[in-house]
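Residue-level structural notes
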Amino acid sequence: MQQFTQERTEETPDEIWILEHLPIYTLGLNGKQEHLLGSGNIPVIKSDRGGQVTYHGPGQLIIYTLLDIKRLKLGIRQLVTLLEQSMVMALAEFGITAIAKPEAPGVYVDNKKIGSIGIRIKKNASYHGISLNNNMDLTPFDHINTCGFRDLQVTQLADFGVSVSTAELAIPVVQAINSAITS
């Protein structure tokens with residue numbers, strides 16, 4: 001995605017990449033080693049996205065948004081809000097009421113984080129994106145101060161009795177993103 005962003009021109013179409021990661025901890029540009037409490041055998045990589053430390057693993061939806069924010073006439077805060085609201089709307093389709101918190105980017109259900117955002121802007125284009133916890137082993141989050149917050153708990157769709165594949169979960173999230181950027 002870094003190469004894609006670096007090689008973009010004004011004519012390059014926007015892309016949305018949907019994936020899952022193998023188990024990995026990532027430290028964002030502002031990531032402090034002190035928030036990594038013990039990685040065990042899970043690799044840790046430094047990432048050029050915003051934010052602190054998070055965990056990615058199987059059962060978690062990752063959506064990378066490679067968008068020309070200048071062409072879309074979006075500011076960074078507008079993009080973050082758009083991504084948060086896309087997760088909130090998708091969760092509502094599964095009967096889960098979620099909110100975004102301006103003081104702590106991401107999406108929360110009952111004060112537990114279910115969706116995270118980490119983006120980077122270069123050449124007026126965004127890359128990296130969002131993660132939404134679906135049906136995964138949440139134990140690795142116990143070994144970090146998630147997003148730099150001590151004692152922040154995480155949750156996932158499975159905790160609310162929702163059984164959906166990660167590919168199926170991607171559909172309403174991507175639809176919400178596409179709707180927001182094309183309106």
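These remarks concern the structure in this document. Computed from a prediction, not measured in an experiment: that's the story for all the values here.

With that out of the way, let us pick up the overall build of the protein. When helices and strands are counted, the protein shows three helices and nine strands. Mapped from its N terminus to its C terminus, the protein presents α and β elements in the order α-β-β-β-β-β-α-β-β-β-β-α. What you see for the protein is a C-alpha radius of gyration of 16 Å, in line with the 16 Å of a compact globule of 183 residues. By principal-axis analysis of the C-alpha atoms, the protein measures approximately 45 × 35 × 30 Å. Of the contacts made within the protein by residues no fewer than 6 positions apart, 67% connect residues no fewer than 24 positions apart. Element-wise, carbon and sulfur atoms account for 51% of the exposed surface of the protein, whose accessible area totals about 9,100 Å².

Our next topic: the pairing of strand E2 (residues 24-27). Two faces belong to every sheet, and in a regular strand the side chains alternate between them. Side chains Ile24 and Thr26 of E2 all project onto a buried face; the interleaved residues Tyr25 and Leu27 project onto the opposite face, where all are buried too. In terms of strand pairing, E2 meets strand E4 (residues 53-56) through four bridges, oriented antiparallel. By the bridge assignment for E4, Tyr25 is matched with Tyr55. Where E2 lies against strand E3 (residues 44-46), three bridges are found, and the strand directions are parallel. Residue pairing in the sheet places Thr26 in a bridge with Ile45 of E3.

To continue, consider the sheet that holds strand E7 (residues 107-109). In space, the six strands of this open sheet follow the order E1-E5-E9-E8-E7-E6, with antiparallel pairing throughout. The open sheet is flanked by strand E1 (15-19) and strand E6 (99-100), the only strands paired with a single partner. Where E6 meets E7, two bridges bridge the pair, whose relative direction is antiparallel. Note on E7: the bridge partner recorded for Ile99 is Tyr108. Contacts from helix H2 (residues 76-93) reach strand E5 (60-68), E6, E7, strand E8 (112-122) and strand E9 (125-133), with the element oriented near 145° to E8. Relative to E5, helix H3 (residues 166-182) is tilted by about 25°, and along the sheet it contacts E1, E5 and E9.

Relative to the elements of secondary structure, Asp48 occurs in the loop between E3 and E4. At 2.9 Å, the side chain of Asp48 forms a polar contact with the side chain of Gln2. Look past the residues within four positions of Asp48 in its chain and what remains in contact with it is Gln2, Leu29, Arg120, Tyr127 and His128.

Conventions adopted
- Residues numbered from 1 in each chain as written.
- Predicted model: local features only at pLDDT ≥ 70, side-chain atom pairs only at ≥ 80, totals over all residues.
- Heavy atoms only, no water.
- Helix = DSSP H or I, 4+ residues; strand = E, 2+ residues; numbered from the N terminus.
- Rg over C-alpha atoms; globule rule 2.2 N^0.38 Å.
- Contact = heavy atoms within 4.5 Å.
- Areas by Shrake-Rupley, 256 points an atom, 1.4 Å probe, with all protein chains shown as cover.
- Buried < 20%, exposed > 50% of the residue type's maximum accessible area, 1.4 Å probe, protein only.
- Pairing = 2+ DSSP bridges.
- Axes fitted to C-alpha atoms, helices over the stretch in contact; angles between N-to-C directions.
- Polar contact = N/O pair within 3.5 Å; in protein donor to acceptor, adjacent residues only side chain to side chain.

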